[in-house]
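Summary of structural features
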Amino acid sequence: MHIVHSIAELREKLAPFQRPAFVPTMGNLHDGHIALVKQAKPLGDVTVSSIFVNRLQFAPHEDFDSYPRTLDADAQRLQAAGCDVLFAPREKELYPEPQTYKIHPATDLGDILEGHFRPGFFIGVSTVVLKLFSCVYAGKPSGVAAFGKKDYQQVLVVRRMVQQFALPIEILAGETQRAADGLALSSRNSYLSPDERIEAAQLSKALRALGDAARATPTPDLLALEAQAMQALARRGWKPDYLTVRRRADLQPPQGPLASEPLVVLGAAKLGNTRLIDNLEI
């Protein structure tokens, strides 16, 4: 596996290839990232991953400085998974000057749920993803990029961006990888204390219970069910931002009988000092 740190080096390594399979990450890799690499690899003629902790998607009070950075261990895992090129740019490489040109997702998708509780988050995500795409796919007729469904809203934001800009990139959404107790794998799980790690599995259980309750009747009172789910987590010591049932297609609240369209239950809640997100398609 080649490890490169500049855009010029990256493009040199990718020059012989026509269809990169790309997995962008912020590092501190877990089995979910590795599953994406393995899923994407057969779909391209070269497999690329990036590791870059993107300052633009962190608010001033969030964990940019403390976000785990484990490049050596990550590189070993990627090489074992069959990655061909690892792009690990320094901040000055991607942002040699202040990034004043930014991608603003449509408010109906980018300013709800995660975008509401983390204002500007999807502006930072979209901007860095488009920039990484320009580094990886420049001059290429096609490509594939893999993102995990754990970040469900992010997948929709990126997919819509690719459609709007007519980029020749297929977006692969990989299934969420989970621990045996149901906890969605996440780089931020490493922040949890041993007791918090045991309790953390309750988030996926709460989402499952909310989904089951929503599907139990044709026209449920979703607002009441969502409020009950949040209260139940709060009684266990969580600080929930949202637990909600939405349409998979656009993350808007469902209208009419729930049986008429595919749905997803999404949640975000803070346990101690760690904010966790998860979702389940129902």
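Presented here is an overview of the structure given in this document. (Residues numbered from 1 in each chain as written. Predicted model: local features only at pLDDT ≥ 70, side-chain atom pairs only at ≥ 80, totals over all residues. Heavy atoms only, no water.)

1. Details of the side chain of Asn189
Relative to the helices and strands, Asn189 is located in the loop between strand S6 (169–174) and helix H9 (194–200). With residues up to four places along the chain from it excluded, the contact list for Asn189 reads Leu183, Ala184 and Leu276. (Helix = DSSP H or I, 4+ residues; strand = E, 2+ residues; numbered from the N terminus. Contact = heavy atoms within 4.5 Å.)

2. Observations concerning unusual backbone geometry
The backbone of Asn28 sits at a positive phi, close to 50°, despite the residue not being glycine. Along the chain, the position of Asn28 falls in the loop between strand S2 (20–25) and helix H2 (31–40). If you check the backbone angles, Leu251 has positive phi at about 60° while not being a glycine. For Leu251, the location among the structural elements is in the loop between strand S7 (239–247) and strand S8 (263–271).

3. Re the pattern of salt bridges
Any two side chains of opposite charge can pair, given that their charged atoms come close. Applying the stated criterion across every chain yields a total of 18 salt bridges. Between Asp84 and Lys41 there is a salt bridge, and its shortest N-O distance comes to 3.7 Å. Of this pair, Asp84 sits in the loop between helix H3 (71–81) and strand S4 (85–87) while Lys41 is found in the loop between H2 and strand S3 (46–51), placing the two residues 43 residues apart along the sequence. For Asp84, a relative accessible area of 29% puts it in the partly exposed group. (Salt bridge = Lys/Arg side-chain N within 4 Å of Asp/Glu carboxyl O. Buried < 20%, exposed > 50% of the residue type's maximum accessible area, 1.4 Å probe, protein only.)

4. A short note on the nonpolar core
What tends to happen in soluble globular proteins is that the nonpolar side chains get buried as a cluster. Grouped together as the largest cluster of nonpolar side chains are 44 residues, with contacts concentrated most on Leu10, Leu94, Phe133 and Leu251. Within the residue set of this core, elements represented by two or more residues are helix H1 (7–14), S3, S4, helix H7 (121–137), strand S5 (143–148), helix H8 (152–164), S6 and S8. Element by element, the count of residues in this core is highest for H7, at 10 residues. Discounting residues that sit within four places of it in the chain, Leu251 has contacts with Leu109, Ile112, Leu113, Tyr152, Gln153, Leu156, Arg246, Val264 and Leu266. Formed by 23 residues, the second largest nonpolar core is a distinct cluster that contains Ala200, Leu207, Leu222 and Ala229. (Core = buried A, V, L, I, M, F, W, Y, C linked by side-chain atoms within 4.5 Å.)

5. A closer look at the pairing of S2
Where burial is concerned, most of S2 is hidden: 6 out of the 6 residues are buried. Covered by surrounding structure in S2 are Pro20, Phe22 and Pro24 together with Ala21, Val23 and Thr25, the residues of both alternating faces. Bridging between S2 and S3 involves 6 bridges; their strand directions are parallel. Looking across to S3, one finds that Thr25 is bridged to Ile51. Across 2 bridges, S2 lies against S5 in parallel orientation. Paired with Ala21 across the strands is Val144, a residue of S5. (Pairing = 2+ DSSP bridges.)

Everything listed here is a matter of coordinates, which is why it stays silent on function.
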